[in-house]
Amino acid sequence: MLHLLLLHRFFSESYGQLFFLSPSNCCALVWALGRLHWRPPLEWQDRLFLETYTKLATFSAAELTGTLHGLAALQLQPPVQWMHQATAAVALAAPDLGVQEVTSCLWALNRLRYRPPEPWLATLAARAAALLPEAWKSPAAPDNSSSSDTGGSDAAAAEDLRQTSDAEAAHLLEAQQRIDRKEALLRSRRHELLQQLKQLEQQVHGLQQKQKQQQQQQARSPAQGLQQQQQPSSQRQ
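The structure contained in this document is the topic of the report that follows. (Residues numbered from 1 in each chain as written. Predicted model: local features only at pLDDT ≥ 70, side-chain atom pairs only at ≥ 80, totals over all residues. Heavy atoms only, no water.)

## Examining the packing of helix α2 (residues 23-36) against helix α4 (residues 61-74)
Moving on, step 1. Viewed as axis vectors pointing N to C, α2 and α4 meet at an angle of 25°, and their least axial separation amounts to 7 Å. Of the possible angle classes, the one that applies to α2 and α4 is roughly parallel. The interaxial crossing formed by α2 with α4 has left-handed handedness. Contact residues: α2 offers Pro 23, Ser 24, Cys 26, Cys 27, Val 30, Trp 31, Leu 33 and Gly 34, while α4 offers Ala 62, Glu 63, Gly 66, Thr 67, His 69, Gly 70, Leu 71, Ala 73 and Leu 74.
Moving on, step 2. Here the contact of α2 with α4 is built from residues that sort into 10 nonpolar, 6 polar and 1 charged. (Axes fitted to C-alpha atoms, helices over the stretch in contact; angles between N-to-C directions. Helix = DSSP H or I, 4+ residues; strand = E, 2+ residues; numbered from the N terminus. Parallel < 35°, antiparallel > 145°, perpendicular 65-115°, else oblique. Left-handed = near helix turned anticlockwise from the far one by under 90°. Contact = heavy atoms within 4.5 Å. Nonpolar A, V, L, I, M, F, W, Y, C, P; charged D, E, K, R; others polar.)

## Some thoughts on the side chain of Thr 52
Moving on, step 1. Residue position: Thr 52 is located in helix α3 (residues 42-53).
Moving on, step 2. Within the structure, Thr 52 has its side chain in polar contact with the backbone oxygen of Leu 48 (distance 2.7 Å).
Moving on, step 3. Once residues lying within four places of it in the same chain are set aside, the contact partners of Thr 52 are Cys 26 and Trp 82. (Polar contact = N/O pair within 3.5 Å; in protein donor to acceptor, adjacent residues only side chain to side chain.)

## What to know about the nonpolar core
Moving on, step 1. Ranked by internal contacts, the top residues of the largest apolar core, which has 37 residues, are Trp 44, Leu 48, Leu 68, Trp 82, Met 83, Val 90 and Leu 97.
Moving on, step 2. Elements that contribute at least two residues to this core include exactly α1 (2-15), α2, α3, α4, α5 (80-92), α6 (99-112) and α7 (118-135).
Moving on, step 3. Looking at this core element by element, the count peaks at 6 residues for α4.
Moving on, step 4. Each residue touching Leu 48, except ones within four places of it in the same chain, is listed here: Leu 18, Leu 21, Cys 26 and Val 30. (Core = buried A, V, L, I, M, F, W, Y, C linked by side-chain atoms within 4.5 Å. Buried < 20%, exposed > 50% of the residue type's maximum accessible area, 1.4 Å probe, protein only.)

## Re the pattern of salt bridges
Moving on, step 1. The full count for this structure, using the stated rule, is 2 salt bridges.
Moving on, step 2. The shortest N-O distance in the salt bridge between Arg 47 and Glu 51 comes to 2.7 Å. With Arg 47 and Glu 51 both in helix α3 and 4 residues apart, this pair spans about one turn of that helix.
Moving on, step 3. Residue classification places Arg 47 among the partly exposed residues on the basis of a relative accessible area of 21%. (Salt bridge = Lys/Arg side-chain N within 4 Å of Asp/Glu carboxyl O.)

## What to know about the packing of aromatic side chains
Moving on, step 1. All chains considered together, the criterion is met by 3 aromatic pairs.
Moving on, step 2. Ring plane angle 70° and centroid distance 5.3 Å describe the contact between Phe 11 and Trp 44, whose orientation is recorded as edge-to-face. Of this pair, Phe 11 sits in helix α1 while Trp 44 is found in helix α3, placing the two residues 33 residues apart along the sequence.
Moving on, step 3. Between Phe 19 and Phe 20, the aromatic rings sit 5.2 Å apart at their centres with planes inclined by 85°, giving edge-to-face as the arrangement.
Moving on, step 4. The class of Phe 19 is partly exposed, set by a relative accessible area of 46%.
Moving on, step 5. The aromatic ring of Tyr 15 is capped on one face by Arg 47, whose charged end is 4.9 Å from the ring centroid.
Moving on, step 6. Across the ring face of Phe 19, the terminal group of Lys 55 is positioned such that the distance to the ring centre comes to 5.4 Å. (Phe/Tyr/Trp six-rings, centres within 6.5 Å; stacked < 30°, edge-to-face > 60°. Lys NZ or Arg CZ within 6 Å of the ring centre and 35° of its normal.)

## Regarding α5
Moving on, step 1. For α5, with 13 residues, the first-to-last C-alpha span of 18 Å sits near the 18 Å given by 1.5 Å per residue.
Moving on, step 2. Along α5, the positions that sit buried rather than exposed are Trp 82, Met 83, Ala 86, Thr 87, Ala 89 and Val 90. One side of α5 carries all its buried residues, which in axial view fall inside an arc of 155°. Those residues of α5 that are exposed and angled more than 90 degrees off the buried face are Val 80, Gln 81 and Leu 92.
Moving on, step 3. If you follow the buried residues of α5, they end up packed against α3, α4, α6 and α7. (Expected span 1.5 Å × (residues − 1). Arc of directions from axis to C-beta.)

## So, unusual backbone geometry
Leaving glycine aside, a negative phi is the common case for residues, and trans is the common case for peptide bonds.
Moving on, step 1. Residues other than glycine seldom take positive phi values, yet Gln 75 does so here, at roughly 60°.
Moving on, step 2. Structurally, the position occupied by Gln 75 is in the loop between α4 and α5.
Moving on, step 3. Unlike most non-glycine residues, Arg 113 shows phi in positive territory, near 55°.
Moving on, step 4. Along the polypeptide, Arg 113 turns up in the loop between α6 and α7.

## Considerations on the environment of His 37
Moving on, step 1. Structurally, His 37 is set in the loop between α2 and α3.
Moving on, step 2. Residues His 37 and Gly 70, spaced 33 residues apart in sequence, show a C-alpha to C-alpha distance of 9.1 Å.

Written as C-alpha cells, this is what we have:
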C-alpha cells in the first residue's frame, strides 16, 4: 500500500514538471518507468506526449531510442502524430545511431506495432548495413584485475535488488491495471449517460414541437368558428 501511495504521489507531483523536462531527463524518466513497469495514469501520459512533441527534434539518437524503448516496455500507445515526429527525428539522427540504438529502436517499433513509411525503413536499413562489421565484432574480454570477492558481492547485491524491484513492479503493475480497468468502466458509463441524456433531449424537443402544434391548432379553431358564423349572415343579406 505504501508503494502505491508513493507512486501516486510521484505522478501527481511530477505532472506539473513535465514542461521543464530536458531531452536527457525525459529519456531517463521514461526508460526508468519502463524498467520498473510503472505505468503512468492516462492524464500523465497525455501531458508527457504534449510537452515532448515539439522537443523531439532536439533529442539525440540515444535519447530518442531510449525514450521509445521505455514506452514500448510500458506498452503505451503514443498518438500517431507523436510517433511520426519521433521517427522523423530518428531518421535525421540515423548517422549517429549505433548498433544498440538501431536494435533498440526496431524492437520498440515492433512492440508498439508502428510501421514507419518505406523511406524511413530504407534509411534505417542502410544504417544497419553500415553497422554490420561492427556488430559482428567479438566483445572485448572482461577485465579480471579487480578482486573476485568484490565482484561477487556486487553481483549478488545487484541480483537481490533486481528481484526486489521486479516483485514490487509486478505488484504495482497489477494495481495499475486495476485502476485502468476502473477508468475504462467509468468512461463507458459516462458514454452511456451521455447517450441517455441525448435521447432525453430529443424527447423533450419532440414534446415541445407537439405542444407548439397543438397551440397553433387551438389558435386557428376560434377563427374558423367565427368565419362559419359570418357566412349565414352574408347569405341572408
